[in-house]
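Residues per chain, in single letters:
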Amino acid sequence: MSKRFLVTTSLQNTWNPEEKNYFLGEWCKLYSQSSVWEKLDYEVIPYHWEDRGKLRADYEYISLLYENLLSKLSVKLNEIHGTDYSNCYWRIVIGPWLGFFLQSIFDRWSMLKIAVNELKVNSCFLIKQNIDDHIPIDMSDFNKSYINDSWNEAVCGQLIELLYKDIIDISYVKKLEKKIKPPITSSILSKVRNSLIKNFNKLIGKNSEYFFLSNYLPFLTNIVLQFRLDQIPRFWYSIESEKIKISSKLRKKLNINGSHFDDFGKIAAKLIPNHMPSSYLEGYKGLSLLGDNLGWPKNPSVIFTSVAHEYDDVFKIWAAEKKEQQSKLITIQHGGHMGMSPWAFYEDHQLKVSDKFISWGWMKDEFKNIVPIGNPKTWKQKLSYDRTGALLTIQMALPRYSYHMYAVPVAGQWLDYFKDQKSFVRNLPENIQKKLLLRLYRNDYGWDQKLRWKSFDPSINFDAESNSMYESMKKCRLFVSSYNATTHLESLSMNIPTIMFWNPKHWELLDEVRPYFDLLRSVGIFHESPESAAKQVALVWDNIESWWYDDELQGARKLFCKKYSSSPSNFEDQILKCLLELSN
């Protein structure tokens with residue numbers, strides 16, 4: 001029997017130059033390694049979520065499994081820690097990790113099924129791993145893990161060993177040693193700052209009624225709000241969880257009886273004990289005391305954040321306990337895309353854990369806790385643009401491996417996005433191409449964005465990484481947003497001439513959202529192909545103002561922004577009202 005060799009990641013010591021290689025996904029093929037993989041006999045296994053209907057259906061399936069496992073894990077964790085907390089408590093604490101984990105491993109499990117059942121792969125190299133090496137410290141650590149090759153190789157290896165060891169001939173290879181960078185420790189200045197904040201808060205007393213952490217409101221707004229709440233302004237800080245020794249004995253207590261689950265549910269139940277972050281098991285008791293040690297209030301009426309409920313385990317454990325004691329949790333929208341996507345785990349989770357959720361203008365009938373106020377990023381923000389400036393085009397990158405699920409290009413579908421970007425540039429008139437300024441996404445995720453663009457056009461101009469988005473906007477006469485997220489919401493809200501385009505097959509919208517984009521399409525702002533967007537740029541380039549300040553266009557822009565990026569003059573008053581209503 002000929003060997004059909006499976007490759008799960010871009011780690012070259014798991015490739016086989018002597019056989020035909022079946023790459024589990026486009027994530028295996030780093031552009032910077034093309035001189036190596038181009039010489040191989042290889043085939044990329046078709047991606048299961050090219051069928052976007054399946055992607056949405058799988059999200060619904062995983063969501064049901066998530067709820068089932070969350071209930072079971074809540075019972076287990078209460079038993080392990082001698083607590084009696086509600087499912088709501090554990091949803092706040094472990095919910096983000098559980099959702100991200102299930103959605104990630106479902107994708108790898110699905111692709112391995114295709115590789116074995118349809119492509120008939122029968123051999124592979126796996127890296128000999130210490131299972132404890134891939135247990136994250138906390139959610140913040142996990143966010144760095146699921147997007148890297150090492151974690152994904154380990155997870156695929158575990159799935160292969162659990163499911164296919166009788167079908168796939170496994171050979172083990174050594175892990176390539178990398179120089180470990182010393183951990184980044186807090187600077188002396190940061191430690192001094194935190195010490196001063198802690199002592200100042202102690203001096204005032206711990207019983208603050210309102211607790212603000214990472215709410216992303218402007219600095220002065222935070223001060224004014226606290227004064228208006230009859231509270232001396234305070235500035236809280238959090239700290240990272242510390243690495244702690246893993247206890248296999250403790251993790252065995254987390255074993256879940258998955259006999260009644262389907263095939264994937266059984267696998268998920270088996271993997272969870274060996275993947276749950278140590279902050280929820282070995283480090284939990286220590287973390288549960290940290291809020292008090294940091295001088296956080298004992299009995300806050302209202303807790304207000306934008307992002308800490310997702311990544312900060314110290315905050316989550318503290319806030320979850322306070323909610324059990326009747327404190328209220330208010331979260332505020334941090335970025336774009338929210339309120340638009342037919343499926344989005346992060347958004348669903350945030351709405352479920354929040355007593356009130358402040359949106360940038362939108363509402364949903366099924367969630368009565370949404371308070372539509374506005375976008376704090378553009379409130380009171382005035383920005384001018386250069387009428388003879390550049391064509392500023394904003395790029396996007398997403399992890400090469402799928403992670404939490406929402407309506408965006410998934411995994412290798414980023415390559416389709418990049419093709420569209422090249423097509424847009426190619427269709428611009430030459431004189432406008434010379435004025436193009438490309439702003440690359442801050443996280444590359446291994447896509448080698450700059451190298452790809454240089455291969456396409458060595459003369460292309462890149463925006464300086466040190467420039468803020470607003471600094472770059474000031475230099476442009478026209479702003480082009482190529483993905484559905486935050487950037488165009490900011491530019492439209494600040495009335496910067498803007499053109500948007502993306503592939504609607506990869507950026508699905510809720511039915512009730514489409515009319516707003518149709519409105520932008522009717523005035524030439526929104527486009528569903530790179531060719532149409534480039535044609536519009538050429539059409540308005542020499543007379544931006546007459547196009548942009550047309551009454552019909554401005555009416556469409558204002559209506560769209562009122563719904564998705566509002567900037568009310570009484571923004572601060574509305575936030576204050578929301579805080580006061582929950583404290584009573």
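See the structure shown above.
These numbers were taken from a predicted model, which means no experiment stands behind them.

Caption draft 1: A look at the sheet that holds strand β11 (residues 390-394). One open sheet holds the 5 strands; their spatial order is β12-β11-β13-β14-β15, and the pairing between them is parallel. At either margin of the open sheet sits one strand with a lone partner, and together these are β12 (436-439) and β15 (526-527). Sheet analysis places strand β13 (residues 476-481) next to strand β14 (residues 498-501), joined by 3 bridges and oriented parallel. In the sheet register, V480 faces β14, and the bridge partner there is I499.

Caption draft 2: Inspection of the packing of aromatic side chains at higher detail. In this structure the tally under the stated criterion is 51 aromatic pairs. Between W414 and Y417, the aromatic rings sit 6.3 Å apart at their centres with planes inclined by 40°, giving tilted as the arrangement. Placement of both W414 and Y417 in helix α14 (residues 414-426) is noted, with a separation of 3 residues, approximately one turn of the helix. Both residues of the pair, W414 and Y417, belong to the buried class. Ring geometry for F517 versus F526: centroids 5.2 Å apart, planes at 70°, classification edge-to-face. Look at F526 and you get buried, because its relative accessible area is 2%. Pairwise contacts between aromatic rings join Y66, W97, F100, F101, F142, Y146, W151, F345, Y403 and Y406 into one cluster. A cation over a ring is seen here: K128 above Y172, with NZ or CZ 4.5 Å from the ring centre. Over the ring of W541 we find R477; its NZ or CZ atom is 3.9 Å from the centre of that ring.

Caption draft 3: Inspection of the environment of S327 at higher detail. Residue placement: S327 occurs in the loop between α12 (313-324) and β8 (328-332). For the pair formed by S327 and V302, sequence separation is 25 residues and the distance between their alpha carbons is 5.7 Å. Dropping the residues within four chain positions of it, S327 is found in contact with P300, S301, I303, K322 and D355. Of note is the side chain of S327, whose polar atom sits 2.4 Å from the backbone oxygen of P300.

Caption draft 4: View of unusual backbone geometry. Unlike most non-glycine residues, K120 shows phi in positive territory, near 55°. The phi angle at S214 is positive, at roughly 50°, despite the residue not being glycine. Tracing the backbone through its elements, the reader meets S214 in the loop between β6 (210-212) and α7 (219-228).

Conventions adopted
- Residues numbered from 1 in each chain as written.
- Predicted model: local features only at pLDDT ≥ 70, side-chain atom pairs only at ≥ 80, totals over all residues.
- Heavy atoms only, no water.
- Pairing = 2+ DSSP bridges.
- Helix = DSSP H or I, 4+ residues; strand = E, 2+ residues; numbered from the N terminus.
- Phe/Tyr/Trp six-rings, centres within 6.5 Å; stacked < 30°, edge-to-face > 60°.
- Buried < 20%, exposed > 50% of the residue type's maximum accessible area, 1.4 Å probe, protein only.
- Lys NZ or Arg CZ within 6 Å of the ring centre and 35° of its normal.
- Contact = heavy atoms within 4.5 Å.
- Polar contact = N/O pair within 3.5 Å; in protein donor to acceptor, adjacent residues only side chain to side chain.

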